[in-house]
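Structural overview for review
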Amino acid sequence: MKAADENFGQPRFHIHQKGGRLIHVNDNQVPPPTIPQEANNVLDISAKVEYTGSLPLSMIDYDVSQTQGSPVASIDEAELLHDIVCEHVRFPEDVRRLEFRLGEDSTGAPAVWIVFVAHDDLKPSKSKIASLQRAADEVRSIVHSVSDRWPYIEIATE
Amino acid sequence: LALHHDLLEQAEHLAAREPKKPKQASLRRAVSTAYYALFHLLIADGARLLSPTQPTGLSLLIRSAFGHVEMRNVCKHFVQANVAAVHGKRSDGISDGARALLAFPLEPALVKVLEAFVELQEARHQADYDLTKTLNRLAAETYVTAAREAFASWQTIRRTSNTAVFVAALLLQRQWRR
């Protein structure tokens, strides 16, 4: 199987000397996410990423280790968002870890789910919920400023 | 009490049921009901703002004209326009006429309501249709709390100029953008 078949629908990210480029394999008519030139934080993503392709129908994974013979590295959009969020948001201790999932929401729009994984709690206190909501508000604000994906916060327990 | 208040109370009740082992049915209905509470709050106030008091049935008729998807789109567009405005930019989605009437940045309380509506509608969709996921009490209570806080936020901005434009957009944005 060719790499192009294996990764059908997945945007490719190639690292060049001064930046990256997404190459689309198919076109599902979903507009690409645009990243503001002046994101409200230190990291200037637009200098590093140029979107030229369309979005995949499901989760995006920019792992492109076998694409068309180019000097290749990979970048994961979810990982990028993860790094930005972790850099700017202080999470309550109840959040043990974060998971980022990319895809489309129930209306078909580009979305990112940020999952707060916390301890199971059958009787959460008001302060616990308030601290989770405060973190959720901050995450939404950061994601809105750097991505056109709509951020949805989920709380999972373990 | 109005329907939206009853729904919110019911959502709180459902989220807290079965203290030791909550049933998925209770948690899912709690999330779904929390969304509908906010939905009915917005369309009740929307109809009140947009319709005359007479004839009495007209307000109810106007309520029935609000649509879930269009309301969600309006909420998204307002949030995106607000983010763009904060960064000195302009986003698509809001008609020029409506944009000219809005004062940016939008009130944080209004943004909170918009965000909550989008979040809760998606959560409702998952709660009602996605059986691959298991809801937990913490998530359900957090969604219900988000609805309750959206109610409180709404009370602080329901008479503002921006809110009036927003409410009209909930019903008319599609026509304005033609």
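Owing to the predicted nature of the structure, the values given are computational and were not obtained by experimental measurement. (Residues numbered from 1 in each chain as written. Chains lettered and ligands numbered in written order. Predicted model: local features only at pLDDT ≥ 70, side-chain atom pairs only at ≥ 80, totals over all residues. Heavy atoms only, no water.)

A few words on the layout of surface pockets. Of the pockets and cavities examined, the second largest pocket occupies roughly 670 Å³. Every residue lining the second largest pocket is counted, 33 residues in all, and those nearest its centre are A:D137, A:R140, A:S141, B:V111 and B:E115. Elements with a contribution of two residues or more to the lining of the second largest pocket: α3 (126-146) and β5 (150-157) of chain A together with α4 (68-86), α6 (108-129) and α7 (137-157) of chain B. Per-element accounting of the lining of the second largest pocket gives the leading share, 9 residues, to α3(A). Classifying every residue of the lining of the second largest pocket gives 17 nonpolar, 8 polar and 8 charged. (1 Å grid on protein atoms, 1.4 Å probe; cavity = no way out; pocket = protein on both sides within 12 Å on 5 of 7 lines; lining within 4 Å. Points joined across faces, edges and corners; volume = space filled by probe spheres on them. Helix = DSSP H or I, 4+ residues; strand = E, 2+ residues; numbered from the N terminus. Nonpolar A, V, L, I, M, F, W, Y, C, P; charged D, E, K, R; others polar.)

So, on to the interface of chain B and chain A. Taken together, the contact pairs 28 residues of chain B with 32 residues of chain A. Each partner contributes to the roughly 2,500 Å² buried at the junction of chain B and chain A, and carbon and sulfur atoms together form 54% of this total. The largest share of the area that chain B buries against chain A comes from B:H87, B:E119 and B:L138, three residues that together contribute 24% of it. If you look at where chain B meets chain A, you find 6 salt bridges. In this structure, the connection of chain B to chain A is made through 14 residue pairs in polar contact (both at pLDDT 80 or more). Contributing elements (two or more residues each) for the side of chain B that touches chain A: α4, α6 and α7 of chain B. (Contact = heavy atoms within 4.5 Å. Buried area = accessible area lost by both parts, 1.4 Å probe. Salt bridge = Lys/Arg side-chain N within 4 Å of Asp/Glu carboxyl O. Polar contact = N/O pair within 3.5 Å; in protein donor to acceptor, adjacent residues only side chain to side chain.)

You can see A:S106 is positioned in the loop between β3 (95-104) and β4 (110-118). Sequence separation between A:S106 and A:E77 is 29 residues, and the spatial gap between their C-alpha atoms is 20 Å. The residues touching A:S106, leaving out its near neighbours within four places in the chain, are B:R72, B:E122 and B:H125. A distance of 3.3 Å separates polar atoms of two side chains, one belonging to A:S106 and the other to B:R72.

Residues and elements named next belong to chain B. Structurally, T132 is set in the loop between α6 and α7. Once the C-alpha coordinates of T132 and P55 are considered, the two residues, 77 residues apart in sequence, prove to be 47 Å apart. Of the polar contacts made by the side chain of T132, one reaches the side chain of D130; its length is 2.4 Å.

Residues and elements named next belong to chain A. With their axes 10 Å apart at the nearest point, helix α2 (residues 77-88) and α3 run at an angle of 130° to one another. Considering the angle they form, α2 stands oblique to α3. As for how α2 packs across α3, the hand of that crossing is right-handed. On α3, the residues touching L81, I84, V85 and H88 of α2 are E138, V139, I142, V143 and V146. A class-by-class count of the residues in the contact of α2 with α3 yields 7 nonpolar, 1 polar and 1 charged. (Axes fitted to C-alpha atoms, helices over the stretch in contact; angles between N-to-C directions. Parallel < 35°, antiparallel > 145°, perpendicular 65-115°, else oblique. Left-handed = near helix turned anticlockwise from the far one by under 90°.)

It is worth spelling out the sheet that holds β4(A) at this point. Residues and elements named next belong to chain A. Spatial strand order, β3-β4-β5: 3 strands in an open sheet with mixed pairing. Looking at which strands have only one partner, the edges of the open sheet turn out to be β3 and β5. The average undirected angle you get between the axes of adjacent strands in this sheet is 20°. Bridging between β4 and β5 involves 8 bridges; their strand directions are parallel. Within β5, the position partnered with I114 by the bridge is I153. Packed onto the sheet, α2 meets β3 and β4 and runs at close to 140° relative to β3. (Pairing = 2+ DSSP bridges.)

This brings us to the confidence of the model for chain A. Of the residues in chain A, 53% have a pLDDT of 70 or more, and the chain-wide mean is 66. Ignoring residues within four places in sequence, the model shows residues 1-74 of chain A, a span with pLDDT below 50, making 147 contacts including any to other chains. (pLDDT = per-residue confidence, 0-100.)

A separate point is the side chain of B:S95. All names here are of chain B. Summarising the element assignment, S95 is placed in the loop between α4 and α5 (96-101). Residue class for S95 comes out buried when judged on its relative accessible area of 10%. In this structure the side chain of S95 is engaged in a polar contact, spanning 3.2 Å, whose partner is the backbone nitrogen of A98. Each residue touching S95, except ones within four places of it in the same chain, is listed here: W176 and R177. (Buried < 20%, exposed > 50% of the residue type's maximum accessible area, 1.4 Å probe, protein only.)

As a further point, take the pairing of β3(A). All names here are of chain A. As judged from the 9 bridges shared by β3 and β4, these two strands associate in the antiparallel manner. By the bridge assignment, R101 is partnered in β4 with W113. Taken together, β3 and the strand that follows it, β4, pair antiparallel across an intervening segment of 5 residues, in which G108 is found at a positive phi of about 90°.

This part is about the nonpolar core. Within the largest apolar cluster, 85 residues are counted, with the highest numbers of intra-cluster contacts made by A:I114, A:F116, B:L38, B:F78, B:W154 and B:F166. Ranked by the residues each element gives to this core, the list is headed by helix α2 (residues 24-50) of chain B, at 12 residues. Each residue touching B:W154, except ones within four places of it in the same chain, is listed here: B:L41, B:L42, B:D45, B:L110, B:V113, B:T163, B:F166 and B:V167. (Core = buried A, V, L, I, M, F, W, Y, C linked by side-chain atoms within 4.5 Å.)

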